[in-house]
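Okay, here's what each chain looks like letter by letter:
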Amino acid sequence: MEARGAATTDAAEFARLTDPFRAELLAHCYRMLGSVHDAEDQVQETMIRAWRSYGDFEGRSSLRTWLYRIATNACLRALENRARRPLPSGLGAPGANPDGPAAAGHGVPWLEPIPDALVRADPADPATVVVSRASLRLALIAALQYLPARQRAVLILRDVLQWRASEVAGLLGTTTTAVNGLLARARAGIEQAGLAEDEIREPGDARQRALLDRYAAAFENADAAALSRLLREDAVLEMPPMVTWFAGRSRIGRFLGAQVLRKPGEFTMVAVDANGQPGFACYQLGDDGRGHAHAVQVLTIGGAGIARIVSFNQPELFPVFRLPPVLG
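In this report, the structure presented in the accompanying data block is examined.

How each quantity is defined
Residues numbered from 1 in each chain as written. Predicted model: local features only at pLDDT ≥ 70, side-chain atom pairs only at ≥ 80, totals over all residues. Heavy atoms only, no water. Salt bridge = Lys/Arg side-chain N within 4 Å of Asp/Glu carboxyl O. Helix = DSSP H or I, 4+ residues; strand = E, 2+ residues; numbered from the N terminus. Buried < 20%, exposed > 50% of the residue type's maximum accessible area, 1.4 Å probe, protein only. Core = buried A, V, L, I, M, F, W, Y, C linked by side-chain atoms within 4.5 Å. Pairing = 2+ DSSP bridges. Expected span 1.5 Å × (residues − 1). Arc of directions from axis to C-beta. Contact = heavy atoms within 4.5 Å. Phe/Tyr/Trp six-rings, centres within 6.5 Å; stacked < 30°, edge-to-face > 60°. Axes fitted to C-alpha atoms, helices over the stretch in contact; angles between N-to-C directions. Parallel < 35°, antiparallel > 145°, perpendicular 65-115°, else oblique. Left-handed = near helix turned anticlockwise from the far one by under 90°. Nonpolar A, V, L, I, M, F, W, Y, C, P; charged D, E, K, R; others polar.

Focus on the pattern of salt bridges
Side chains carrying opposite charge are able to pair once their charged atoms draw close together. Tallied over the entire structure, the rule returns 14 salt bridges. For the salt bridge of Arg85 with Asp38, the shortest nitrogen-to-oxygen distance reads 3.3 Å. Note that Arg85 is positioned in the loop between α4 (63-79) and α5 (126-134) and Asp38 in helix α3 (residues 36-52), a separation of 47 residues in sequence. Like Asp38, Arg85 is buried. Asp288 serves as the salt-bridge partner of Arg290, at 3.5 Å between the closest nitrogen and oxygen. With relative accessibility at 35%, the residue Arg290 sits in the partly exposed group. Taking relative accessible area as the criterion, Asp288 reaches 43% and is therefore assigned partly exposed.

Structure, rendered in structure tokens:
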């Protein structure tokens, strides 16, 4: 593509050239930052910087590579003075008393889910879809937040985006030897997180769909026993912004039965897809007889059942998923 500066390229033409990259840039910034809101801010910053410096783009790399360079540097700057975004399981041991109150984590910048619709890959390329979904799974994003910013960037650029070490070195202003060292430390850090390879099933998978239908029915019918039967023995339940979390089918079942699933009809479940995983938007019955935004749940499903439930009890996430705050 012939390089043209902002002086000779109007805003409409610049948007035509760069808009096709917005979804994948959003996914990239989300992997770096762990927040869909922060990621959207940095994509916007990337486009502003790209527009202002388009006159300096000489076409020695592709437009896509150039935008990734700007976006990565924007994220690195954004991370300089920010705390990592954890899930509750990253802050302490699991709760021992499912009959007691759950503790709130005030002021914690929690990890956020991201809707698949915002970062959907080219549906015409099934291989790309699988790679995209795997590289956005919630456990991986949580593990990435524990890496120092430059290690995080190197791991994403090398292992997710398949950049050459020399390209990453050029972006970071360092050597390929240094990049390889950062990559080795980043891989070791991810390995220490103990990530299991979750099953990547297609959304239309019949067994998964049946399990999800049973899960939604158990929630809506306040049937904690039925829900427990869908869990793996070593299942985990997390509920940001609560720091309390539970491990093990029996404790999760006791907690849900005692604290959450009190009466049938209190919850309405609406299917969503986030982080390449299935989930639900959970509406809770209000005094007005209507369902009010309560939580976005992201499920991890293994061969023996549901391995993890992350219930983001944050109604402010519903607009991100383009869901109404109230049903009916």
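A few points about the nonpolar core
Core analysis: the largest hydrophobic core is formed by 71 residues, its most contacted members being Leu25, Met32, Leu63, Trp66, Leu67, Leu138 and Leu144. No other element matches the ten residues that α4 contributes to this core.

Section: the pairing of strand β1 (residues 231-238)
Sheet analysis places β1 next to strand β6 (residues 305-312), joined by four bridges and oriented parallel. Across the sheet, residue Leu237 finds its bridge partner in β6, namely Ile309. Here two bridges tie β1 to strand β2 (residues 246-247), and the two strands are oriented antiparallel to one another. Bridge assignment links Leu237 to a residue of β2, and that residue is Phe246.

A word on helix α12 (residues 249-260)
The end-to-end C-alpha distance of α12, which contains twelve residues, comes to 15 Å, matching closely the 16 Å that a straight helix rising 1.5 Å per residue would cover. Those residues of α12 lying buried are Ile252, Gly253, Phe255, Leu256 and Val260. End-on, the buried residues of α12 take up no more than an arc of 165°, which puts them together on one face. Turning to α12, the residues buried within the fold contact α10 (206-220), α11 (224-229), β1, β2 and β3 (267-274).

Focus: the pairing of strand β4 (residues 277-285)
In terms of burial, β4 is largely enclosed, as seven of its nine residues are buried. Pairing between β3 and β4: eight bridges, direction antiparallel. By the bridge assignment for β4, Met269 is matched with Cys282. Count of turn residues in the β3/β4 antiparallel hairpin: two residues, of which Asn275 carries a positive phi of about 55°. Linkage of β4 to strand β5 (residues 291-302), two consecutive antiparallel strands, is achieved through a turn of five residues, within which Gly289 is found at a positive phi near 80°.

Describing unusual backbone geometry
For the peptide bond that leads from Pro240 to Pro241, omega is 15°, which places it in the cis range. As for its placement among the helices and strands, Pro241 is situated in the loop between β1 and β2. A positive phi angle, near 65°, is found at Gln162, a position not held by glycine. As for its placement among the helices and strands, Gln162 is situated in the loop between α7 (149-160) and α8 (165-172). Despite not being glycine, Arg322 has its phi angle at roughly 55°, a positive value.

Observations regarding the packing of aromatic side chains
Under the counting rule described, the total for this entry stands at nine aromatic pairs. Aromatic pair Tyr68 and Trp163: ring centres 6.5 Å apart, planes at 70°, arrangement edge-to-face. Of this pair, Tyr68 sits in helix α4 while Trp163 sits in the loop between α7 and α8; the two residues are 95 residues apart in sequence, bridging distant segments of the chain. Accessibility expressed as a relative area gives 4% for Trp163, which makes it buried.

Quick word on the packing of helix α2 (residues 22-33) against α7
Between α2 and α7, the least distance of the axes is 9 Å, while the angle of their chain directions is 140°. Judged by the angle between their axes, α2 and α7 are oblique. In the crossing of α2 with α7, the sense of the turn from one axis to the other is right-handed. In this structure, α2 contributes His28, Arg31 and Met32 to the contact, and α7 contributes Ala149, Arg152, Ala153, Ile156, Leu157 and Val160. Among the residues making up the contact of α2 with α7, the classes are represented as six nonpolar, one polar and two charged.

Here's the deal with the side chain of Thr46
With respect to the element layout, Thr46 can be found in helix α3. Residue classification places Thr46 among the buried positions, given a relative accessible area of 0%. Not counting the four nearest positions on each side in its chain, Thr46 is found in contact with Leu67, Ile70, Ala71 and Ala74.

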